[in-house]
Amino acid sequence: MRQIPVDTSAASVMVAQPPQPKVKDRRTGELAVDVETGTPLMTVNVMFAASDTVELLAVTVPETGISGELTMGTPVALTGLVARPWERDGRHGIAFRAVAVTSLVEGATKPKAA
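The following paragraphs examine the structure supplied in this document. (Residues numbered from 1 in each chain as written. Predicted model: local features only at pLDDT ≥ 70, side-chain atom pairs only at ≥ 80, totals over all residues. Heavy atoms only, no water.)

### Quick word on the sheet that holds strand E11 (residues 100-103)
Reasoning step 1: One open sheet accounts for 3 strands, arranged E7-E11-E8; its pairing is mixed. Where the open sheet ends on each side, the last strands, each with one partner, are strand E7 (66-67) and strand E8 (76-79).
Reasoning step 2: Relative to E11, E7 is paired through 2 bridges, and the arrangement is parallel. Pairing of Ser67 across the sheet is with Thr102, part of E11. (Pairing = 2+ DSSP bridges. Helix = DSSP H or I, 4+ residues; strand = E, 2+ residues; numbered from the N terminus.)

Shown next, in the form of structure tokens:
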């Protein structure tokens, strides 16, 4: 399957919906895992603004690639974002996958003081 790297350097990206477990099969409730590592996968909906256009993207990321508190409106960085065209049963679309989604809010990845 081909992968198209997505340049995020000129984009503003923020969380539209916090991370949720990615469901592999809606009928059974089976959760998706990375086929190579077995790591659970998450879906993070983000607003991706670039060139005077805003898109809502559902980005799949390994659970271990989520850093910081990702609440609605949090600015984030998407590391290793790729787009993958897909087609199945007459339907088609583009799936987005990232290695990591990291909060850009200062101190978000630091442990809280006691």
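### Digging into the pattern of salt bridges
Reasoning step 1: Taken as a whole and judged by the stated rule, the model has 3 salt bridges.
Reasoning step 2: Lys24 is paired through a salt bridge with Glu30; the nearest N and O atoms lie 4.0 Å apart.
Reasoning step 3: On the basis of relative accessibility, which here comes to 39%, the residue Glu30 falls in the partly exposed class.
Reasoning step 4: Between Arg97 and Asp34 there is a salt bridge; the shortest N-O distance is 2.5 Å. In this pair, Arg97 is assigned in strand E10 (residues 91-97) and Asp34 in the loop between strand E4 (30-31) and strand E5 (41-50), connecting sequence segments 63 residues apart. Residue Arg97 shares its accessibility class with Asp34, and that shared class is buried. (Salt bridge = Lys/Arg side-chain N within 4 Å of Asp/Glu carboxyl O. Buried < 20%, exposed > 50% of the residue type's maximum accessible area, 1.4 Å probe, protein only.)

### A few points about the environment of Arg2
Reasoning step 1: On the secondary structure map, Arg2 appears in the segment before strand E1 (4-5).
Reasoning step 2: Along the backbone, Arg2 and Pro85 are 83 residues apart, and their C-alpha atoms lie at a distance of 7.5 Å.
Reasoning step 3: Other than its neighbours up to four places away in sequence, Arg2 contacts Ala83, Arg84 and Pro85. (Contact = heavy atoms within 4.5 Å.)

### Some details on the side chain of Asp34
Reasoning step 1: Given a relative accessible area of 12%, Asp34 falls into the buried group.
Reasoning step 2: Here the side chain of Asp34 touches Glu36 through a polar contact of 2.8 Å, landing on its backbone nitrogen.
Reasoning step 3: When residues no more than four places from it in sequence are discounted, the contact partners of Asp34 are Thr39, Leu41 and Arg97. (Polar contact = N/O pair within 3.5 Å; in protein donor to acceptor, adjacent residues only side chain to side chain.)

### Some words on the sheet that holds strand E6 (residues 53-62)
Reasoning step 1: Spatially, E1-E9-E10-E6-E5-E2 is the arrangement adopted by the 6 strands of the open sheet, whose pairing is mixed. The open sheet has two free edges, formed respectively by E1 and strand E2 (12-21), since each of these has just one partner strand.
Reasoning step 2: Two strands pair when backbone bridges link them, and E1 and strand E9 (residues 82-88) are joined in this way by 2 bridges, in the antiparallel orientation. When the sheet's bridge partners are listed, Ile4 is paired in E9 with Ala83.

### Considerations on the nonpolar core
Reasoning step 1: Counting 18 residues, the largest nonpolar core has Val13, Val46, Val59, Val76 and Leu81 as its most contacted members.
Reasoning step 2: Elements with a minimum of two residues in this core: E2, E5, E6 and E8.
Reasoning step 3: The element contributing the most residues to this core is E5, with 4 residues.
Reasoning step 4: Excluding residues within four positions of it along the chain, Val76 makes contact with Val13, Met14, Val15, Val46, Leu70, Val101, Thr102, Ser103 and Leu104. (Core = buried A, V, L, I, M, F, W, Y, C linked by side-chain atoms within 4.5 Å.)

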